[in-house]
Amino acid sequence: MAEAKTTTTRTPKPKVDHVITAVAAMVNSLLVDKKGTLPSNMGGGAYIRANDLFQAYKEAAAEEKVLILPSEEVMGVWHDEKGAIHITIRGTYTFLSTVDESELEVSAVGDGLARNTAIASNVASTNAMKSALMRLALTGESSSDEAAKKG
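Each value, and the rule that gives it
- Residues numbered from 1 in each chain as written.
- Predicted model: local features only at pLDDT ≥ 70, side-chain atom pairs only at ≥ 80, totals over all residues.
- Heavy atoms only, no water.
- Helix = DSSP H or I, 4+ residues; strand = E, 2+ residues; numbered from the N terminus.
- Contact = heavy atoms within 4.5 Å.
- Areas by Shrake-Rupley, 256 points an atom, 1.4 Å probe, with all protein chains shown as cover.
- Pairing = 2+ DSSP bridges.
- Axes fitted to C-alpha atoms, helices over the stretch in contact; angles between N-to-C directions.
- Expected span 1.5 Å × (residues − 1).
- Buried < 20%, exposed > 50% of the residue type's maximum accessible area, 1.4 Å probe, protein only.
- Arc of directions from axis to C-beta.
- Patch = residues over 30% accessible without salt bridge, like charges linked within 9 Å, V, L, I, M, F, W, Y side chains within 5 Å.
- Salt bridge = Lys/Arg side-chain N within 4 Å of Asp/Glu carboxyl O.
- Lys, Arg positive; Asp, Glu negative; His and termini not counted.
- Charge placed at Lys NZ, Arg CZ, Asp CG, Glu CD.
- Parallel < 35°, antiparallel > 145°, perpendicular 65-115°, else oblique.
- Left-handed = near helix turned anticlockwise from the far one by under 90°.
- Nonpolar A, V, L, I, M, F, W, Y, C, P; charged D, E, K, R; others polar.

> Please clarify how the overall build of the protein should be interpreted in this entry.
Tallying secondary structure elements over the protein gives four helices and five strands in all. Counting from the amino terminus, helix and strand elements in the protein follow one another as α-β-β-α-β-β-β-α-α. If you take every contact in the protein between residues at least 6 apart in sequence, the share linking residues at least 24 apart comes to 54%. As displayed, the protein has an accessible area near 10,500 Å², and 52% of this comes from carbon and sulfur atoms.

> Looking at this structure, how should I read the sheet that holds strand β5 (residues 103-114)?
Pairing between the strands of a sheet comes from backbone hydrogen bonds, and it takes one of two forms, parallel or antiparallel. Read from one edge to the other, the open sheet built from three strands follows the order β3-β4-β5, with strand pairing classed as antiparallel. For this open sheet the edge positions go to β3 (66-79) and β5, each flanked by a neighbour on one side alone. Taking the axes of each pair of neighbouring strands and ignoring which way they run, one obtains an average angle of 20° across the sheet. Sheet topology places strand β4 (residues 85-97) next to β5; twelve bridges connect them, and they run antiparallel. Bridge pairing in β5 places Leu96 opposite Glu103. In the packing of helix α1 (residues 18-29) onto the sheet, the strands contacted are β3, β4 and β5, and the crossing angle to β4 comes to about 120°.

> I would appreciate a short explanation of helix α2 (residues 50-64) in the present structure.
Owing to its 3.6 residues per turn, the α-helix aligns residues three or four sequence positions apart on the same side. Spanning 15 residues, α2 covers 21 Å between terminal C-alpha atoms, matching the ideal 21 Å at 1.5 Å per step. Turning to α2, its buried residues number three or more, namely Ala50, Asp52, Leu53, Ala56, Tyr57, Ala60 and Ala61. For α2, the angular spread of the buried residues around the axis is 170°, confining them to a single face. Exposed side of α2, more than 90 degrees from the buried face: Asn51, Lys58, Ala62 and Glu63 are the residues found there. Among the structural elements, α1, β3, β4 and α3 (117-136) are those in contact with the buried residues of α2. Once α2 ends, the next one or two residues include Lys65, with phi positive near 60°.

> What's the story with a negative patch on the surface in this structure? I'm lost.
On the surface, a cluster of negative charge is made up of Asp100, Glu101, Glu103 and Glu105. Checked against the element boundaries, Glu101 lands in the loop between β4 and β5. On the basis of relative accessible area, Glu101 is assigned to the exposed category, the value being 66%.

> Even after reading the chapter, I still don't get the packing of α2 against α3, so can you show me in this structure?
At their nearest, the axes of α2 and α3 sit 10 Å apart, and the two run at 55° to each other. Our classification of the angle between α2 and α3 gives oblique. Note on packing geometry: the crossing formed by α2 with α3 is left-handed. In this structure, α2 contributes Ala50, Leu53, Phe54 and Tyr57 to the contact, and α3 contributes Thr126, Met129, Lys130, Leu133, Met134 and Leu136. In the contact of α2 with α3, the residues fall into eight nonpolar, one polar and one charged.

Quick look at the structure:
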């Protein structure tokens with residue numbers, strides 16, 4: 001009796017856009033210390049300063065040949081009884097590979113509170129981008145997480 005021949009075929013791996021592997025490498029390379037300290041009325045805990053996070057991403061993006069392009073829209077503006085201006089911004093941040101032009105979008109919302117519209121919008125913008133980048137890296141800050149739980 002003749003032996004049956006068996007053949008195996010390999011399934012080709014799907015092509016992964018450069019932006020996906022680049023962003024994964026960026027996230028894996030991030031080391032950002034908590035150099036900031038919250039005011040005592042906010043618990044006094046350590047936190048990651050936005051500029052430190054942005055600088056780490058900027059360096060990692062340059063290394064991986066990725067641009068980070070922001071697009072933000074104001075979702076709401078209101079004034080409280082003390083005259084402060086509250087602004088909510090939704091930011092969408094596009095990671096664009098300069099290798100193959102592939103893209104990945106990350107979105108988040110940020111709030112800002114100040115006596116001046118320009119400052120409140122800047123704070124909201126910073127908070128939106130920081131939130132998006134931290135969520136992309138699947139990390140959070142215990143100080144802000146705890147504050148959110150307490151309302």
